[in-house]
Amino acid sequence: TPAPLTLTLSGAAGQIGYSLLFRVASGEVFGPDQPVRIRMLEAPGAVRAAEGVAMELQDAAAPLVADVDISDQPRRAFDGADLAILVGARPRTAGMERADLLEVNAGIFGPQGEAINSVANEGIRVLVIGNPANTNTMIVAAHAPDVPRNRFSALTRLDHNRALAQLAARSGAPVGEISRVTIWGNHSRTQYPDVRHALIQGRPALEVVDREWAEGEFIDTVAQRGGAIIAARGGSSVASTATAIIDHVHRRLHGVREGDWSSAGRISDGSYGVPEGLVCSYPVISRDQEWEIVQGLEVDAFSRARIDASVAELIEEREAVRHLGLI
Ligand code: NAI
């Protein structure tokens, strides 16, 4: 058996943590032969709850779980981390302004970035789920300057999966025979789920589904799916988010299918006209376990306007936290 990998999971006592941890334990994330050391990072008030989760994890008697540690101290939690999955965030509460939300979360993700910079393993990868995920990723990366920029991602695979599912439902094609869907922009209602390069059973998606739907209802359905789940279930997306985290990590480690790509929020290098430094969702493939932005896709006027609108929101978010001096 290989030496254990170290996974640091923030927000481990939360809903997504509760769903994800047992799938890590069963080998779905790193594979059936890869032991894992789990470090849970929680807010002080949730350490007790994290202990309860750890008790259940112990009761799963999972041979792959080498060790579990719980802490509210980022420096302890990220010590020796190979992968950091950052789920813990302050949710928006009634009456809270968007700017306040951004500020409170900047206060969480800045110190975590500092800790990652000083104590994580050299090969550290950081995947941010906690919202606002794109801007939180930018902040964590700004505080970990020694970590290569391409090691940071914001999760948009859930949006990608939602787009695949809607296309499958509309076309009647199996979800596995749909490829090259892209989520561009922010993980928010302004995101742009793009089918212009997508293939459904080898045919251009726009020859299979009607354009009016693809440019209207489809985009709204994907972008507002989180709200629809809350309305129906009485709680936000949890199990599907854990699935998307697994899909993201799995594809980074093992690559995407030949001819296909995934979507992930990446620190922009200026690709597709997105200002450098913003964290924007792009089409990505994985090479040698590193994400790369797919280059050279044609962006027509419709796509350009949609991407620009979401990027405008990312710029606003960056401006809202700039005065904190964290970026
Ligand atoms: P939750 O409220 O059940 O869990 C969040 C956990 O984070 C709590 O246990 C809380 O104690 C912890 N936490 C708060 N501050 C912390 C800190 N400073 N350090 C460590 N842990 C801290 O929420 P849930 O459902 O697990 O969702 C977590 C986040 O994921 C939310 O921000 C949500 O908006 C986001 N999300 C993102 C998605 C995406 O696709 N990017 C999809 C679904 C959720």
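Residues numbered from 1 in each chain as written. Predicted model: local features only at pLDDT ≥ 70, side-chain atom pairs only at ≥ 80, totals over all residues. Heavy atoms only, no water.

1. What about the overall build of the protein?
1) Next: Helix and strand content of the protein: twelve helices and 14 strands.
2) Next: The C-alpha radius of gyration computed for the protein amounts to 19 Å, which stays within 12% of the reference 20 Å derived for 327 residues, consistent with globular compactness.
3) Next: Across its three principal directions, the C-alpha atoms of the protein cover 50 × 45 × 40 Å.
4) Next: Taking the contacts inside the protein whose residues are at least 6 apart along the sequence as the reference set, 71% of them involve residues at least 24 apart. (Helix = DSSP H or I, 4+ residues; strand = E, 2+ residues; numbered from the N terminus. Rg over C-alpha atoms; globule rule 2.2 N^0.38 Å. Contact = heavy atoms within 4.5 Å.)

2. What to know about the packing of aromatic side chains
Centre-to-centre distance and the angle between the planes together describe a pair of aromatic rings.
1) Next: Applying the stated criterion to the full structure yields six aromatic pairs.
2) Next: Summarising the aromatic geometry, the rings of W184 and Y282 are spaced 6.2 Å apart at their centres and angled 70° between planes, so their arrangement reads as edge-to-face. Residue W184 is located in strand β8 (residues 182–184), and its partner Y282 is located in strand β13 (residues 279–287); the two are separated by 98 residues in the primary sequence. The two residues W184 and Y282 agree in class, both being buried.
3) Next: Their ring planes at 45° and their centres at 5.1 Å tell us that W213 and F218 sit as a pair that is tilted. We note that W213, like F218, is buried. (Phe/Tyr/Trp six-rings, centres within 6.5 Å; stacked < 30°, edge-to-face > 60°. Buried < 20%, exposed > 50% of the residue type's maximum accessible area, 1.4 Å probe, protein only.)

3. Regarding the domain arrangement of the protein
1) Next: In terms of domain boundaries, the protein breaks down into domain 1 (5–153) and domain 2 (157–317).
2) Next: The interface is formed by 27 residues belonging to domain 1 together with 32 residues belonging to domain 2.
3) Next: Between domain 1 and domain 2, a total of about 2,500 Å² is buried, with carbon and sulfur atoms accounting for 57% of that surface.
4) Next: For the interface between domain 1 and domain 2, the tally reads four salt bridges.
5) Next: The partner of R98 in a salt bridge is E313, with the nearest N and O atoms 3.7 Å apart.
6) Next: Among the elements of the structure, α1 (15–25), β4 (83–86), α4 (98–119), β5 (125–128), α5 (133–142) and β6 (152–154) are those that each provide at least two residues to the side of domain 1 that touches domain 2.
7) Next: Its residues assigned to classes, the side of domain 1 that touches domain 2 shows 13 nonpolar, eight polar and six charged. (Domains from an automatic or database assignment. Buried area = accessible area lost by both parts, 1.4 Å probe. Salt bridge = Lys/Arg side-chain N within 4 Å of Asp/Glu carboxyl O. Nonpolar A, V, L, I, M, F, W, Y, C, P; charged D, E, K, R; others polar.)

4. Looking at the packing of α4 against helix α12 (residues 301–322)
1) Next: The contact between α4 and α12 brings their axes to 9 Å, and the two run at 65°. Classified by the angle their axes make, α4 and α12 are roughly perpendicular. Our pair here, α4 against α12, has a crossing hand that is right-handed. Judged by residue contacts, R98, L102, E103 and A106 of α4 engage E313, E317, A320 and V321 from α12.
2) Next: For the contact of α4 with α12, the per-class residue count stands at four nonpolar, no polar and four charged. (Axes fitted to C-alpha atoms, helices over the stretch in contact; angles between N-to-C directions. Parallel < 35°, antiparallel > 145°, perpendicular 65-115°, else oblique. Left-handed = near helix turned anticlockwise from the far one by under 90°.)

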